[in-house]
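# Inside the fold
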Amino acid sequence: MVETLSIAVIGAPGVGKTSIIRQFIYNDFSEAYTPTRTRYVYRPSVILNGNMYELKILDVPPISSFPSSSSQEWLDLRCRGVRNANAYILVYDICCVESFEYVKMIRQQIVEHREGSSSEVPILVVGNKRDLQRQRFMPRRAVSVLVKKTWKCGYVECSAKFNWHVVLLFKELLGIAVARGMRQNHTSIRLQGALQRNRCAIM
Ligand code: GDP
Ligand code: MG
């Protein structure tokens, strides 16, 4: 049976969410900024160490907050599927402190608004635009310690522009999903053993 994992990609406008997804799936990057106005779903199949997984990646357009209830999610088309995602990628721009504040708020709301043990959903915080790191607002190590130790989330920096660490961040997220899936025995994220060797390919 092929496992399906739905991943919601959330972040402030212009941080590079669409660029990360398109680089991961199509090896494509555009300098031109086309704001994402409606929710878009990508469905790549991924082979990880000989096992195939279907990913449902939601490119979420700007939302003012994480939907606090199922009815709020259904009223707002942009949020469909966001509450029940199996995992989250929260993207910020390492040169833009406001985009980090946004990620901080969304992380807090995910933990508050998802019920019971589902609030322990895998979350990976991604610092994008690493190629512009001379303009970063905070040293990498300081952010990494805050995110990992205090927020208990994974942390990766990448550059969608140069396709640097883009595959790694998806592998990292699956790694967290594996660990959490084993603890919670969640059927759709039972990917045990999949990351023991370091291989990942897009079909
Ligand atoms: P979104 O609104 O979060 O989906 O952001 P986009 O993916 O549309 O990217 C916004 C802008 O940032 C575009 O002009 C991209 O070319 C640019 N961009 C995205 N990723 C990077 C990156 O890693 N480095 C640099 N220098 N620019 C990037
Ligand atoms: Mg976009």
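Residues numbered from 1 in each chain as written. Chains lettered and ligands numbered in written order. Predicted model: local features only at pLDDT ≥ 70, side-chain atom pairs only at ≥ 80, totals over all residues. Heavy atoms only, no water.

## What to know about the site of ligand 1
Short version of the rule: Distances are taken per atom, and a residue is near a molecule or strand as soon as one of its heavy atoms is within 4 Å of it. What qualifies as a polar contact is a pair of N or O atoms within 3.5 Å, subject to a donor-acceptor requirement within protein and to the restriction that residues adjacent in sequence count only when both atoms come from side chains. Throughout, the Shrake-Rupley method with a 1.4 Å probe supplies accessible areas, and for residues the shown protein chains are the sole cover considered. In this text, helices come from DSSP runs of H or I with a minimum length of four residues, and strands from runs of E with a minimum of two, each type numbered from the N-terminal end. Here the nonpolar group is Ala, Val, Leu, Ile, Met, Phe, Trp, Tyr, Cys and Pro; Asp, Glu, Lys and Arg are the charged ones; every other residue, Gly included, is treated as polar.
Within the structure, ligand 1 sits among 21 residues, and Lys-17, Ser-19, Ser-30, Glu-31 and Asp-131 are positioned closest to it. In the model, an oxygen atom of ligand 1 is placed 2.9 Å from a nitrogen or oxygen of the Gly-16 main chain. Lys-129 places a polar side-chain atom, nitrogen or oxygen, 3.2 Å from an oxygen atom of ligand 1. Surface burial for ligand 1 is 91%, taken as the share of its 580 Å² of free accessible area covered by protein chains. With 3 residues, helix H1 (residues 17-26) is the single largest residue contributor to the shell around ligand 1. When grouped by side-chain class, the residues that make up the shell around ligand 1 number 8 nonpolar, 8 polar and 5 charged.

## Comments concerning a nonpolar patch on the surface
Quick reminder of the rule: Residues enter a patch when their relative accessible area is above 30% and they make no salt bridge; the linking distance is 9 Å between like charges and 5 Å between nonpolar side chains (Val, Leu, Ile, Met, Phe, Trp, Tyr). Whenever Lys or Arg places a side-chain nitrogen within 4 Å of a carboxyl oxygen from Asp or Glu, that contact is recorded as a salt bridge. The cut-offs for exposure are 20% and 50% of the maximum accessible area for each residue type, with area from a 1.4 Å probe on protein chains only; residues under the lower value are buried, those over the upper are exposed, and the others partly exposed.
The grouping of Val-2, Ile-47 and Met-52 at the surface amounts to a nonpolar patch, some 200 Å² of accessible area in total. Tracing the sequence through the fold places Val-2 in the segment before strand S1 (3-11). By relative accessible area, Val-2 is classed as partly exposed at 36%.

## Considerations on the coordination of the magnesium ion (ligand 2)
Short version of the rule: In this description, a donor is an N, O or S atom within 2.8 Å of the metal centre, a cutoff extended to 3.2 Å for sodium, potassium and calcium. Water is not part of the atom list, which can make sites seem incomplete.
Here the magnesium ion (ligand 2) is held by Thr-18 (OG1) and Thr-36 (OG1), and the distances to it run 1.9 to 2.1 Å. Here Thr-18 is found in helix H1, whereas its partner Thr-36 is found in the loop between H1 and strand S2 (40-42), with 18 residues between them in sequence.

## Comments concerning the side chain of Arg-114
The cut-off we apply is this: For this count, His and the chain ends are skipped, Lys and Arg are scored as positive, and Asp and Glu as negative.
For Arg-114, the location among the structural elements is in the loop between helix H3 (97-113) and strand S6 (123-128). Of the side chains bearing the opposite charge, Glu-73 lies closest to the buried Arg-114, which forms no salt bridge; the N-O distance is 7.9 Å. A polar contact of 2.6 Å, which involves the side chain of Arg-114, links it to the backbone oxygen of Arg-83. Polar contacts involving the side chain of Arg-114 include one to the main-chain carbonyl oxygen of Ala-85, which spans 2.8 Å.

## Notes on the packing of aromatic side chains
The test is simple: For Phe, Tyr and Trp, rings pair up if their centres lie within 6.5 Å, where Trp contributes its six-membered ring, and each pair is then called stacked (planes under 30 degrees apart), edge-to-face (over 60) or tilted (otherwise).
The full count for this structure, using the stated rule, is 9 aromatic pairs. The interplanar angle of 10° and the centroid separation of 3.7 Å between the aromatic rings of Phe-24 and Phe-170 together place this pair among those described as stacked. On the criterion of sequence distance, the pair formed by Phe-24 in helix H1 and Phe-170 in helix H5 (residues 166-184) is long-range, its members being 146 residues apart. The exposure class assigned to Phe-170 is buried, which follows from its relative accessible area of 3%. A centroid spacing of 4.8 Å and a plane angle of 65° characterise the contact between Tyr-92 and Phe-100, whose relative ring orientation is edge-to-face. By relative accessible area, Tyr-92 is classed as buried at 1%. Judged by its relative accessible area of 4%, Phe-100 is buried. Within the aromatic cluster, the residues linked to one another by ring pairs are Tyr-92, Phe-100, Phe-137, Trp-151 and Tyr-155.

## Comments concerning the nonpolar core
For clarity, the cut-off: In these notes, a set of buried Ala, Val, Leu, Ile, Met, Phe, Trp, Tyr and Cys residues joined through side-chain atoms within 4.5 Å is what counts as a nonpolar core. Whether two residues touch is decided by their heavy atoms; if any such pair falls within 4.5 Å, the residues are in contact.
Membership of the largest hydrophobic core comes to 55 residues, with the highest contact counts inside it found for Ile-10, Ile-20, Ile-57, Tyr-88, Ile-89 and Leu-169. Discounting residues that sit within four places of it in the chain, Ile-57 has contacts with Ile-7, Val-9, Ile-21, Phe-24, Ile-25, Tyr-40, Val-41, Tyr-42, Pro-44 and Phe-170.

## Digging into the pattern of salt bridges
A full pass over the atoms with the stated rule returns 6 salt bridges. With a shortest N-O distance of 3.5 Å, Asp-28 and Arg-22 are connected by a salt bridge. Overall, the relative accessible area of 33% leaves Asp-28 in the partly exposed class. For Glu-157, the salt bridge identified is with Arg-130, shortest N-O distance 3.1 Å. Of this pair, Glu-157 sits in strand S7 (residues 154-157) while Arg-130 sits in the loop between S6 and helix H4 (140-150); the two residues are 27 residues apart in sequence, bridging distant segments of the chain. A network of salt bridges, in which partner residues are shared, links Arg-130, Arg-136 and Glu-157.

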